[in-house]
Every structure is written in C-alpha cells, then in structure tokens.
Amino acid sequence: MTTSYFLQGQRGYFDCGATSFPKPAQVAGEISRYLNQIGGPYGRSFYSRALEVSGIVEETRSLLADLLGVSGSEKIIFCHNATHAVNIVLKGLDLPGKDVWISPLEHNAVSRPLRRLKREKKVSVRILPAAPDGRIQVERLNGLFSEKTALIVVNHQSNVNGVVQPIREIKATAGNIPILVDAAQSLGHLPVKAAGWGLDFVAFTGHKGLLGPTGTGGLYLARGLSPLIEGGTGSRSESSAMPDFLPDKFEAGTPNIAGIFGLRAALLHRPAPAHTREDFVDLLDGCKKLDGLKVHAAYSEGHQGELFSITSSRFDPSTLGMRLYEDFGIETRLGLHCAPLAHHHIGTFPQGTVRISPSIYHVKEDFEMLLHYLSKLSNSG
C-alpha cells in the first residue's frame with residue numbers, strides 16, 4: 001500500500017488549489033543545481049554554462065508544448081504565473097469599445113484587469129449563460145455573439161467548486177472569435193489540447209497541477225498580440241524595437257531560470273497519482289451525506305475536477321476552517337478564493353466557503369481520515 005505522506009511527518013495539506021505540496025524531490029534538487037553549480041544566463045552568451053542553461057530552458061519550453069499538444073515550442077511564452085499570462089492577452093489585444101464574454105466562475109486574474117479595461121477602454125464585459133453550478137450552457141451560445149465580440153475568456157476548472165468547462169464545445173461554437181482559456185487549475189490534472197481544440201490562448205501556472213515552483217508559468221498563443229512589457233532579450237540588440245518573432249517578442253528581461261530548472265524537473269519526474277478517481281468521488285459523496293454540510297461542486301460527477309468547497313449550517317467558513325486546522329491539523333483555504341464572481345454565482349458570497357483541494361500524493365486513507373474529521377465537526381456544537 002502507498003504510504004500516506006501524513007505518516008511521513010507532513011501536515012494534512014488540502015490546499016493544492018493555492019499551490020501544490022509536496023513537490024517531487026527533483027524540483028528542489030534542480031533549483032539548487034542551477035544556483036550552486038551551473039549559474040549563467042539564458043540566451044545571452046556563448047560559453048558552455050550559458051549554452052547549457054539555454055538548452056535546458058528550451059527543453060522545458062518543448063516539454064510544455066508537448067503537454068499542450070502544440071507543434072512549435074516558440075508559441076510557449078514563459079511568464080511569472082497564469083495572472084501574468086492573462087494580462088498579456090487582455091492588454092495586448094485591440095479591445096477598446098469591444099465586447100468580452102467571460103464565464104461566471106472567473107478568478108480575479110481575469111476580473112480585475114477587465115474592470116480596468118472597462119473603465120479606461122470602454123470594454124463591455126458580459127457573462128456567458130451557465131447552469132447554477134457555473135458550467136457554460138453551450139446550447140445557449142448560438143446567436144449570442146456579435147461583430148463587437150473580440151474575446152471569450154473561460155476558466156477551464158473553477159478554483160472554487162471544481163467545475164470543468166466544455167472548452168472544445170465552446171470554441172467550436174465561437175468559431176473565429178478568439179478564446180482565452182485560464183488553465184491555472186486544470187493543467188497537470190486534465191487534458192488541455194490547445195491546438196487540437198483550436199484554442200487561441202492558454203494561460204497556465206507551474207506551481208499547481210504541474211507540481212513545479214512558484215514564480216513559473218506560461219502562455220500559449222496562436223494569434224498576434226502587442227507585448228505587455230519591453231526590454232532586453234539578448235536578440236536584435238542593435239534595435240530599440242522589440243523583436244517581432246516568438247518567443248522573444250514577449251520575453252523581455254532575464255527569466256526565472258532557477259524556477260524553470262525546477263519546472264523541468266517536475267515535468268520529467270511527475271509521480272503517478274497515489275489515489276484513484278473513485279477514491280476522490282467517494283470523498284465527495286461522503287461529504288454530501290454529512291448532516292449540516294453542503295458541498296459546492298459540479299452537478300455532474302463527469303464535470304468535476306478534484307477540488308470542491310463546503311459550507312456548514314453549524315459554523316461560518318472561517319470557524320469551520322480554523323476548527324479543521326486547530327483540532328485536526330487539516331489545512332484548507334477559507335473565504336472567497338480571489339473569485340468573488342464565482343461565489344456570487346453559486347450563492348456563497350460574501351462569506352465564502354472552505355475549499356478542499358487534495359494532492360496527487362494523497363491516498364485513500366487520507367480521504368477517509370478527512371471525512372472522519374468532518375463528521376466529528378458536523379456532529380459537534
């Protein structure tokens with residue numbers, strides 16, 4: 001039987017929707033190897049250590065392209081995180097006076113830059129039709145868009161209730177209208193076929209489902225944009241203009257080389273899941289059966305990612321979360337999860353929820369333990 005990492009001295013960490021923990025051991029090892037043994041810049045010098053660094057950065061780019069089903073790794077742009085990638089798209093398109101349609105489950109990474117564009121650029125932000133759990137109703141999209149529609153933005157998997165959106169069907173209905181997919185919560189957990197689904201932009205992060213370090217992420221782009229920032233690239237240094245080719249056009253400044261070393265290690269040394277899909281579904285179903293506990297998740301199990309939220313009739317979310325931690329060492333995320341739009345839609349605003357987002361390393365016994373603790377709290381005063 002796989003050994004639970006609870007038994008290896010780790011806490012009851014159920015907050016992988018914020019950042020994954022633990023990571024493969026090779027992640028820290030490769031970061032240390034770069035910092036302590038290799039050093040050197042990316043794309044800017046000719047000596048052996050610089051060439052080694054550049055080779056590893058480009059290998060990581062190719063691994064990400066393969067993961068996304070993309071030919072041409074130059075279409076993968078390294079970013080600090082998914083938020084950075086989203087901002088590149090929203091501020092790099094010609095959106096003034098246009099309509100942008102978004103799902104009702106979007107994160108503030110989308111909502112906040114759109115709020116500014118609405119105020120400063122007269123961008124109209126519209127909400128796609130969806131079921132009460134937030135899943136887009138594709139059958140209602142026909143005839144919805146107009147010549148003013150410049151972009152559709154969809155969070156592939158909600159960071160609040162785990163709803164997985166029908167991305168391929170949405171893009172098929174949208175046709176030539178560009179679509180930006182926020183894959184921060186899904187990449188590494190779910191298939192994301194950027195080219196196969198005809199996606200225009202995919203924003204992702206390295207520190208969640210990919211099990212890499214924080215400060216890493218990227219953007220897949222299949223359409224032209226204006227760069228968000230400009231500066232040195234190590235290429236076309238004779239020109240004061242940014243290079244017009246990928247990926248240099250969007251990668252001003254020295255990237256997070258140490259982080260990219262760690263991300264490559266995570267991609268190359270991903271562990272097999274220590275629990276099954278059935279184990280997770282049993283946890284979800286067990287929570288639904290507890291008195292006084294409400295589960296906020298997809299209506300259909302087939303549309304559910306491995307993340308969900310709970311609320312209690314006995315405790316507010318802050319009290320429930322703190323009791324889980326103080327009484328049993330269970331670490332969760334409380335409140336609004338940087339996604340007030342989603343909480344408005346599912347009816348949990350302004351109090352929010354307690355989010356349960358397990359690790360790939362959790363085993364069945366960990367889920368049974370969590371369910372036992374939730375049962376104890378549900379039956380307490």
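Right, let's walk through the structure included here. The residue count restarts for each chain, going from 1 along the sequence in the order it is written. Note on the predicted model: pLDDT of at least 70 is required for a residue's local features to be given, and 80 or more for side-chain atom pairs to be given and counted; whole-chain, interface and lining totals, by contrast, use all residues. Hydrogens and water molecules were not included; the side-chain quantities draw on all heavy atoms of the structure.

## Observations concerning the packing of helix α3 (residues 82-92) against helix α4 (residues 108-121)
Step number 1: Only the stretch in contact is used when fitting a helix axis, every axis being a line fitted to C-alpha atoms; angles between N-to-C directions are given from 0 to 180 degrees. For the purposes of this entry, the term helix denotes a DSSP run of H or I that reaches at least four residues, the term strand denotes a run of E that reaches at least two, and both are numbered from the N terminus. It is the contact of α3 with α4, at a shortest axis distance of 9 Å, that shows an interaxial angle of 30°. The angle between α3 and α4 places the two elements in the roughly parallel class. For the crossing formed where α3 meets α4, the hand is right-handed. On α4, the residues touching T83, V86, N87, L90 and K91 of α3 are A109, V110, P113, L114, R116 and L117.
Step number 2: Residue polarity follows a fixed list, in which Ala, Val, Leu, Ile, Met, Phe, Trp, Tyr, Cys and Pro are nonpolar, Asp, Glu, Lys and Arg are charged, and the others, Gly among them, are polar. Across the contact of α3 with α4, the residue classes tally to 7 nonpolar, 2 polar and 2 charged. Orientation is classified from the angle alone, with under 35 degrees giving roughly parallel, over 145 giving roughly antiparallel, 65 to 115 giving roughly perpendicular, and any other angle giving oblique. In this scheme, a crossing is called left-handed if the near helix is turned counterclockwise away from the far one by less than a right angle; it is called right-handed if the turn is clockwise. A contact between two residues is defined here by any heavy atoms of the two lying within 4.5 Å.

## With respect to the sheet that holds strand β10 (residues 308-312)
Step number 1: Read from one edge of the open sheet, 4 strands run β9-β10-β13-β12, paired in antiparallel fashion. The two strands at the open ends of the sheet, each matched to only one other strand, are β9 (293-296) and β12 (333-335). The average undirected angle you get between the axes of adjacent strands in this sheet is 30°.
Step number 2: Strand contacts of helix α8 (residues 317-328): β9, β10, β12 and β13 (353-356), with the helix running at about 40° to β13, the strand carrying the most contacts. Here, any two strands with at least 2 DSSP bridges between them count as paired.

## Comments concerning the packing of helix α7 (residues 277-288) against helix α10 (residues 364-378)
Step number 1: Their axes nearest at 9 Å, the elements α7 and α10 cross at an angle of 5°. By the criterion of interaxial angle, the relationship of α7 to α10 is roughly parallel. For the pair α7 and α10, the contacting residues are D279, F280, L283, G286 and C287 in the first and K364, F367, L370, L371 and L374 in the second.
Step number 2: Its residues placed into classes, the contact of α7 with α10 shows 7 nonpolar, 1 polar and 2 charged.

## Concerning unusual backbone geometry
Step number 1: Following F21, the chain continues into P22 via a peptide bond in cis, with omega recorded as -5°.
Step number 2: Examined against the element boundaries, P22 turns out to sit in the loop between β1 (12-13) and α1 (25-38).
Step number 3: Cis rather than trans, the peptide bond between L246 and P247 has omega equal to 0°.
Step number 4: In the Ramachandran plot, L211 falls in the positive-phi region, its phi being about 70° despite a non-glycine side chain.
Step number 5: On the secondary structure map, L211 appears in the loop between β7 (201-205) and β8 (217-221).
Step number 6: Given the relative accessible area of 4%, L211 is considered buried.
Step number 7: Non-glycine residue C338 carries a positive phi angle of around 55°.
Step number 8: On the secondary structure map, C338 appears in the loop between β12 and α9 (340-346). Think of it in three bands: with a 1.4 Å probe and only protein chains considered, a residue is buried below 20% of the maximum accessible area for its type, exposed above 50%, and partly exposed in between.

## Notes on helix α5 (residues 167-174)
Residues separated by three or four positions in an α-helix point in the same direction, a consequence of the helix having 3.6 residues per turn.
Step number 1: Buried within α5 are the following residues: I167, I170, K171 and A174. For α5, the arc enclosing every buried residue in end-on projection is 95°, short of the 170-degree limit, so these residues lie on one face. For α5, the exposed residues lying more than 90 degrees away from the buried face are R168 and A172.
Step number 2: Tucked inside the fold, the buried residues of α5 contact β5 (149-155) and β6 (179-182).
Step number 3: Residue G175 follows α5 closely and has a positive phi angle near 65°. Of all possible arcs, the one meant is that of the directions from the helix axis to the C-beta atoms.

## Concerning empty space enclosed by the protein
Step number 1: Both site types are read off a 1 Å grid over the protein atoms alone. A 1.4 Å probe that fits but cannot get out defines a cavity, while an open set with protein on both sides within 12 Å along at least five of seven lines defines a pocket; lining residues have an atom within 4 Å of a point. Grid points are joined across faces, edges and corners, and a volume is the space filled by probe spheres set on the points. Applying the stated criterion to the full structure yields 2 cavities of 30 Å³ or more.
Step number 2: If you add up the space inside the largest cavity, you get close to 80 Å³.
Step number 3: Size it by volume and the second largest cavity reaches roughly 40 Å³.
Step number 4: Lining the second largest cavity are C16, S20, H189, K208, G209, L211, P358, S359 and I360.
Step number 5: Considered class by class, the residues forming the lining of the second largest cavity number 4 nonpolar, 4 polar and 1 charged.

As far as function goes, none of this settles anything; it's purely spatial.
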